[in-house]
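What follows is the residue order along each chain.
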Amino acid sequence: MSVELLTLLFFGSLLFFLFVGTPLVFTLGGISCIFLYFTMGPVGFYIVASKFWDSMMSFTLIAIPMYVFMAMLLEKSGVANNLYRMMHVWFGGFRGGLAIGTVAICAVFAAMSGISGAAVVTMGTIALPRMLERGYDKRLAVGAINCGGGWGILIPPSILMVLYAMLTEVSVGRLFASGIGPGILLFALVSIYIGVRAWLQPSLAPALPVEERGDWRLKLESLKAVFLPLFIVFLVLGAIFGGFATPTEAAALGVFGALVASAVHRKLTVAVLSDAAIQTLRLTALVMWILFAAHAFSTAYTTLGANELMNHLMTLVPGGKWGALAFMLVVLLILGMVLDPVGIMLITLPVFLPVVQSYGFDAIWFGVIFIIMMEIGYMTPPFGFNLFYLKSVAPPEVTMSDIYWSVIPYVLVTMLGVLIIILYPDIALYFPNLFFGPVK
């Protein structure tokens, strides 16, 4: 059977079972194993098992349950409540200040947790009702939380970055560092959008009344809320970028910081620890299945010769390397509307990465763009995870239609950020080169 027909059957089977609702991990792993058996025989299973065993021996893999456990603890620690109180008194006096302050807290949470859902659920519970009470437009407020919450997978540490690094064999530390510049850029762009929109349409995001803004004593007192988050960020990122610890070892320091934060807020109970541990076990077990499916898929994909075929087809895309990059971004945008980010990573990376390398693009730089596109996937309808996280905690007056429509301007702002990073790669590569030296 020709490579073309095998590739068509392979990807056609994947799409068919995904559309009928078969879980992604079983679809990828099952179909890959079937094709491996009929093309290589039983020896194909030994190859998959060998690759999976190598992954299980990876020291980097330990970082995933650590960062998940840290995020679960932080979600219950009470840090977010104090951060919101600080933001309320400092930013509330400006038009759009509460929304800008909320995305700032989302950025801080991203630097502490490594996952998207924690910031969305926390800010949807704490900040959204208060913004609505003070006359903020529903769609402006919901969109700000939706967008800012997605930064958890971009601003280091990031669990999705750990998976990307494992699948592409790039440095986790360099990838973490590459998320800092784009994270700052996106925060600046979103804040500018909110500020300009509030200035042009004051009724969408009014400033707080004078009596609610707080005096300087209250403002200075509220700054105590920043200490614990900065302590955790310093422990994790300072250890990595200072060369004192690997990303895996820094994850353990992050767990220690989250335990301290929970203890300070008197949330460190047996029930909290048990609940966080159980959720961590579930998510980690899911990741293990995902890695197995990834190895089965990449082995089958290579064995079929599909990688050479897809590379050839990508060269036919008009516009050279920039046309190929634009095509990949469009594919990621479309897939982000219907699949979860990990699934997109498993399906597309074996196809895209050889093309990226053949055109001479930096794998770290492409990784940042890839992660931002996954972030957009978290916030775009119909199946973006953040949409449903928000709906589960939003007040009754916020409809699913409001949540869907709210994402449009924020997606456009984020895409502008992607374009700027493409035009100026040093935004993503400056900090990796600063902390780890230029790639030789």
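Residues numbered from 1 in each chain as written. Predicted model: local features only at pLDDT ≥ 70, side-chain atom pairs only at ≥ 80, totals over all residues. Heavy atoms only, no water.

Looking at an unreviewed UniProt entry, one finds the protein chain named TRAP transporter large permease protein, with Tardiphaga alba as its source organism. In its Subunit (unreviewed entry) section, UniProt records this for the protein chain: "The complex comprises the extracytoplasmic solute receptor protein and the two transmembrane proteins." As recorded by UniProt, the Sequence similarities (unreviewed entry) comment attached to the protein chain reads in full: "Belongs to the TRAP transporter large permease family." (UniProt positions renumbered as here; feature names shortened; annotations may be inferred.)

Undergrad: Sorry, what's going on with the packing of helix α17 (residues 320-336) against helix α19 (residues 363-379) here?
TA: Packed helices, taken two at a time, are described by their axes: the angle between them and the distance between them. It is at 8 Å that the axes of α17 and α19 come closest, and there the two elements cross at 30 degrees. In this view, α17 runs roughly parallel relative to α19, as classed from their interaxial angle. Crossing of α17 against α19: the hand is right-handed. Mapping the contact onto sequence places W322, L325, M328, L329, L332, L333 and G336 in α17 and W365, F366, I369, F370, M373, M374, I376 and G377 in α19. (Axes fitted to C-alpha atoms, helices over the stretch in contact; angles between N-to-C directions. Helix = DSSP H or I, 4+ residues; strand = E, 2+ residues; numbered from the N terminus. Parallel < 35°, antiparallel > 145°, perpendicular 65-115°, else oblique. Left-handed = near helix turned anticlockwise from the far one by under 90°. Contact = heavy atoms within 4.5 Å.)

Undergrad: So what exactly am I meant to see when it comes to the packing of aromatic side chains here?
TA: To describe a pair of aromatic rings, you give the distance between the ring centres and the angle between the ring planes. Tallied over the entire structure, the rule returns eleven aromatic pairs. Pairing F16 with F17 gives two aromatic rings, centres 5.2 Å apart and planes at 80 degrees, and the pair type is edge-to-face. Take F17: its relative accessible area is 35%, and that puts it in the partly exposed class. For the pair W151 and F187, a centre-to-centre distance of 6.3 Å together with 85 degrees between the ring planes defines the contact as edge-to-face. Of this pair, W151 sits in the loop between α8 (138-149) and α9 (159-168) while F187 sits in helix α11 (residues 180-200), and the two are 36 residues apart along the sequence. For F187, a relative accessible area of 28% translates into the label partly exposed. Taken together through their ring pairs, the aromatic side chains of F241, Y430, F431, F435 and F436 make up a single cluster. (Phe/Tyr/Trp six-rings, centres within 6.5 Å; stacked < 30°, edge-to-face > 60°. Buried < 20%, exposed > 50% of the residue type's maximum accessible area, 1.4 Å probe, protein only.)

Undergrad: Any chance you could explain unusual backbone geometry here in plain terms?
TA: Leave glycine aside and you will find that most residues have negative phi; peptide bonds, for their part, are mostly trans. Of note, the amide linkage connecting P156 to P157 takes the cis form, showing an omega dihedral of 0 degrees. On the secondary structure map, P157 appears in the loop between α8 and α9. Despite not being glycine, E169 shows a phi value in the positive range, around 60 degrees. Take E169: it is sitting in the loop between α9 and α10 (172-178). In this structure E169 comes out as exposed when scored by relative accessible area, which is 73%.

Undergrad: What's the story with helix α13 (residues 227-241) in this structure? I'm lost.
TA: In an α-helix, one full turn covers 3.6 residues, which means residues spaced three or four apart are oriented alike. A rise of 1.5 Å per residue sets the reference length of α13, with its 15 residues, at 21 Å; its end C-alpha atoms lie 20 Å apart and thus fit the reference within 8%. Maximum bend of α13: about 30 degrees, positioned at F234. L228, P229, I232, V233, L235, V236, L237, A239, I240 and F241 are the residues of α13 that are buried. At the exit of α13 stands G243, carrying a positive phi of roughly 80 degrees. (Expected span 1.5 Å × (residues − 1). Bend = angle between axes of the 7 residues up to and from the residue.)

Undergrad: Looking at this model, I keep getting lost on the environment of A261. Mind explaining?
TA: With respect to the element layout, A261 can be found in helix α14 (residues 247-264). The class for A261 is buried, based on a relative accessible area of 0%. C-alpha separation for the pair A261 and Y301, spaced 40 residues apart in sequence, amounts to 45 Å. Residue contacts for A261: discarding those within four places in its chain leaves S77, V79, L228 and I232.

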